[in-house]
Amino acid sequence: MFLILGAILAAYALLAPLTSLDAAQSANVPLLADRLWFRIATIIAMFIVMATAWNIIGGITGYAAFGNVAFFGIGAYTTGMLIAKAKWPFLVALPFAPLVSAGFAALVGLPLLRLRGHYFAVASLGVGVAVGELVQNIDYGGQPLFGGASGLFLPIYAIDNRGLFFFYLMVAAATIAIAVTWWVLRSRFGYGLIAIRENEEAAAVLGVNTTVYKVAAFALSAALTGLAGGIFSQWNVFINQDNTFPIDYNVQMILMALLGGTGTVFGPAVGAVLLQLLIQFLGGSLPISFDIPFVSADARPILAQVILGVLLVGVVIFVPRGVIDFFGGRSRLSLSYLRRSLRETSL
Amino acid sequence: MSAGVTTQLELRGVTKRFGGVAAVDGVTFEVGKGEIVGIIGPNGAGKTTLLNCISGLHRLDGGDIRWQGASIAGMAPHRIAKLGIGRTFQIVRPFGSMTVRENAAVGALFGSAAGRRGPKEAFEMADQVLDLVGLKAKAGHPVSALTIPDRKRLEVARAVATRPHLLLLDEVMAGLNNVEIDEALEMVRAVHATGVTVLLIEHVMRVIIGVCRRAVVLDFGQVLAQGEPEVVLRDERVIQAYLGERYAKRLKS
Ligand SMILES: Nc1ncnc2c1ncn2[C@@H]1O[C@H](COP(=O)(O)OP(=O)(O)OP(=O)(O)O)[C@@H](O)[C@H]1O
Ligand SMILES: [Mg+2]
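The following refers to the structure shown. (Residues numbered from 1 in each chain as written. Chains lettered and ligands numbered in written order. Predicted model: local features only at pLDDT ≥ 70, side-chain atom pairs only at ≥ 80, totals over all residues. Heavy atoms only, no water.)

**A short note on the coordination of the magnesium ion (ligand 2)**
All names here are of chain B.
Part 1: Donor atoms from the polypeptide that coordinate the magnesium ion (ligand 2) comprise Thr-48 (OG1) and Gln-90 (OE1), at 1.9 to 2.1 Å from the metal. Pair noted here: Thr-48 is in helix H1 (residues 47-54) and Gln-90 is in the loop between strand S6 (85-87) and helix H3 (100-109), with a separation of 42 residues, a long-range link.
Part 2: Given a relative accessible area of 25%, Thr-48 falls into the partly exposed group.
Part 3: Gln-90 sits in the partly exposed class, given a relative accessible area of 30%. (Donors = N, O, S within 2.8 Å, 3.2 Å for Na, K, Ca; no water. Helix = DSSP H or I, 4+ residues; strand = E, 2+ residues; numbered from the N terminus. Buried < 20%, exposed > 50% of the residue type's maximum accessible area, 1.4 Å probe, protein only.)

Put into structure tokens, the structure is as follows:
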């Protein structure tokens, strides 16, 4: 309970300076920079949802899902279709994003979650790619059903201060994702999931219905990811395969969870903030002008990929429990910590 | 099995093959309510495989297993656990990221159908069980801090926390010294005293003779002999297959 309260308070603390920033808009703060910060903050919140949601299946249950972006895309297209084609109001259409994503996850999870370890990882990656292709290529009556290659345009959501509205909405989704994780880790359900991660057969003979638990975890992860996709579709107004099924989101959400600390309540969120800031910074999207010596502007996205790759390897080897391990006085970052981690993670 | 005892577990021609080789081959015996039955046999005789068949981890290739009169062959492991059949693993399988107490609590949170427990009651149950197996003082420890005997105790604690009617123990005393075996024997007697039927695999003869009313000898997946431990252990075929001459002499003297 206190943690949920804390999360809400933290959200307010985060929001307060931003709303004042919004007020400062009239006081001649450059409009563009202001909008950009909102956009970045909303994207960060979006990744908090995705990394936290991935943590439920990947971190807590121990099934490395590599195709969770499928649920983001399904959520985006569910809401997008209901708004653009069925003319539903956004807030009525939004709840269907998590529902359809979860339903789809339950359907594919039933056969997929029978696979162990890397077989599941590869198969889930395949599903992620396949769904994106299907959405773009399904025709109905000679017309692309979901807008095809040219994507789907949504009417602009008419509300004052849209940027702030969608930022609030995404922060609410992030709060829900974190609160759900907090609840899971204290519940019977969560103990069952951790038992599955640690030893599936031992869990089964103690009475854990492993199939139902795994599928439920996958569906819950998908629901939250789909919610983020649903919000994204109306926020971005235009959706297509590229912006709702980007393969690199799969890697990013996993990396965020690893960086922050898998299996924990706040780890993936911390990882999402750090990594998304780094991605934006390296990609040159932050309204901070700087030069990286010896690197031309064109090569910066490539440099970003390289740095992400090195970071992934470094985190997995040296900080296996994530940076959240340094919070609250549990551990201190030191040479001996890194050495101990290396010993734990190597053969 | 003596008259007047109700049959709880019934194996009829239980068969399990791995690539054509029958690891368990037509095993038939019964376990009555409240008994402690021992399974012995040389390495690779199929003892663990038989336990895997009973707890639902292996599908049978032949025969039937009945629990309180109804077949449980082909049933999922968690459903068999819910019916009240708990087990330990020969090679311990603790939940590594959890504390000792949490490990036991998982047994209590799930386990047999004797009432679903919320986390609070499950942890109380876990504490009781840890007390029973002598791990109370280490309840808050991570599993990685436990010695091998303690890990074996934890296996038992977790299974007992499921409140089973039948407990299957797979060599929980292997690798223990004499003092530790005595402690473990006490633990088994204590669990049995709470009304639990026990089917245990053991290589240590002292254990079989000490607590079992009946022993079943497996060899090459088949039942070689069964009956009272003292009688079975004098059986010529059992001595040939398993015990060896030296042991036989010692037993006779
Ligand atoms: N999953 C498996 N796949 C293939 N063969 C197996 C499998 N499990 C057991 N076996 C084989 O079945 C036979 C019986 O093994 P099992 O583990 O049941 O013996 P055991 O009586 O428990 O022996 P021990 O006293 O060494 O524990 C062995 O030959 C073993 O190699
Ligand atoms: Mg064995």
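**Overview of the nonpolar core**
Part 1: By size, the foremost hydrophobic cluster in this structure holds 155 residues, and its most contacted members are Met-46 and Phe-218 of chain A together with Met-173 and Leu-200 of chain B.
Part 2: Among the elements that take part in this core, helix H2 (residues 31-60) of chain A stands out by supplying 17 residues, more than any other.
Part 3: In this structure Leu-200 of chain B touches Ile-36, Val-37, Gly-38, Ile-39, Leu-169, Val-188, Val-207, Ile-208, Val-211 and Cys-212 of chain B, once residues within four positions along its chain are discounted.
Part 4: Counting 26 residues, the second-largest nonpolar core is a separate cluster that includes Trp-67, Leu-166, Leu-168 and Val-216 of chain B. (Core = buried A, V, L, I, M, F, W, Y, C linked by side-chain atoms within 4.5 Å. Contact = heavy atoms within 4.5 Å.)

**Focus on the interface of chain B and chain A**
Part 1: Each partner contributes residues to the interface: chain B has 27 residues there, and chain A has 19 residues.
Part 2: When chain B packs against chain A, the two sides together hide about 2,000 Å² of surface, and 66% of this comes from carbon and sulfur.
Part 3: When the buried surface of chain B facing chain A is broken down by residue, His-78, Phe-95 and Phe-110 of chain B rank first, second and third, together holding 29% of it.
Part 4: Counting every contact that joins chain B to chain A gives 1 salt bridge.
Part 5: Across the pair Glu-201 of chain A and Arg-93 of chain B runs a salt bridge, and its minimum N-O distance is 2.7 Å.
Part 6: Here chain B is connected to chain A by 10 residue pairs in polar contact (both at pLDDT 80 or more).
Part 7: Elements with a minimum of two residues in the side of chain B that touches chain A: helix H2 (77-83), S6, H3, helix H4 (119-133) and helix H5 (148-161) of chain B.
Part 8: Tallied by class, residues from the side of chain B that touches chain A come to 13 nonpolar, 7 polar and 7 charged. (Buried area = accessible area lost by both parts, 1.4 Å probe. Salt bridge = Lys/Arg side-chain N within 4 Å of Asp/Glu carboxyl O. Polar contact = N/O pair within 3.5 Å; in protein donor to acceptor, adjacent residues only side chain to side chain. Nonpolar A, V, L, I, M, F, W, Y, C, P; charged D, E, K, R; others polar.)

**Regarding the packing of H3 of chain B against H4 of chain B**
All names here are of chain B.
Part 1: Viewed as axis vectors pointing N to C, H3 and H4 meet at an angle of 115 degrees, and their least axial separation amounts to 8 Å. As summarised for this structure, H3 and H4 are arranged roughly perpendicular, according to the angle between their axes. The two elements H3 and H4 meet at a crossing, and its hand is right-handed. In this structure, H3 contributes Val-100, Arg-101, Glu-102, Ala-104, Ala-105, Ala-108 and Leu-109 to the contact, and H4 contributes Pro-119, Ala-122, Phe-123, Met-125, Ala-126, Asp-127 and Leu-130.
Part 2: Split by residue class, the contact of H3 with H4 holds 11 nonpolar, no polar and 3 charged. (Axes fitted to C-alpha atoms, helices over the stretch in contact; angles between N-to-C directions. Parallel < 35°, antiparallel > 145°, perpendicular 65-115°, else oblique. Left-handed = near helix turned anticlockwise from the far one by under 90°.)

**Considerations on the sheet that holds strand S7 (residues 166-170) of chain B**
Residues and elements named next belong to chain B.
Part 1: With mixed pairing, 6 strands are arranged side by side in an open sheet as S6-S7-S8-S3-S9-S10. Taken across any chain shown, the strands that pair with only one partner, and hence form the sheet edges, are S6 and strand S10 (222-227). In this sheet, neighbouring strand axes are inclined to one another by 20 degrees on average, regardless of whether the strands run parallel or antiparallel.
Part 2: Here H1 sits on the sheet and contacts strand S3 (36-40), S6, S7, strand S8 (197-201) and strand S9 (214-219); the angle it forms with S7, its principal contact strand, is near 150 degrees.
Part 3: Each of S3, S7 and S8 is contacted by helix H6 (residues 178-193), which is oriented at about 150 degrees to S8, the strand it contacts most. (Pairing = 2+ DSSP bridges.)

**Details of the pairing of strand S2 (residues 21-32) of chain B**
Residue and element names in this part refer to chain B.
Part 1: Sheet topology note: the strand S1 (residues 7-18)/S2 ladder contains 8 bridges and is antiparallel. Following the sheet pairing, Thr-7 is matched in S2 by Gly-32.
Part 2: Linking two consecutive strands that pair antiparallel, namely S1 and S2, is a turn of 2 residues; a positive phi of about 55 degrees is found at Gly-19 within it.

**As for the site of ligand 1**
Residue and element names in this part refer to chain B.
Part 1: Around ligand 1, the structure places 13 residues, and the nearest of them are Gly-44, Lys-47, Thr-48, Thr-49 and Gln-90.
Part 2: A distance of 2.9 Å separates an oxygen atom of ligand 1 from a polar side-chain atom of Asn-43.
Part 3: Gly-44 places a main-chain nitrogen or oxygen 2.9 Å from an oxygen atom of ligand 1.
Part 4: Contact with the protein chains covers 58% of the free accessible surface of ligand 1, which is 630 Å².
Part 5: With 3 residues, the single largest contributor to the shell around ligand 1 is H1. (Near = heavy atom within 4 Å. Areas by Shrake-Rupley, 256 points an atom, 1.4 Å probe, with all protein chains shown as cover.)

**Details of the sheet that holds S1 of chain B**
Residue and element names in this part refer to chain B.
Part 1: Pairing is antiparallel across the open sheet formed by 4 strands, whose spatial order is S2-S1-S4-S5. Of all the strands in the sheet, just S2 and strand S5 (70-71) have a single pairing partner and so form its edges.
Part 2: Docked against the sheet, H1 engages S1, S2 and strand S4 (62-67), running at close to 115 degrees with respect to S1.

**Considerations on the side chain of Asn-243 of chain A**
Residues and elements named next belong to chain A.
Part 1: The topology assignment puts Asn-243 in helix H11 (residues 241-244).
Part 2: Asn-243 gets classed as buried once you look at its relative accessible area, which sits at 17%.
Part 3: Within the structure, the side chain of Asn-243 is placed 3.0 Å from the backbone oxygen of Phe-238, a separation counted as a polar contact.
Part 4: Filtering out sequence-adjacent residues up to four positions away, Asn-243 remains in contact with Phe-72, Phe-232, Asn-236 and Phe-238.

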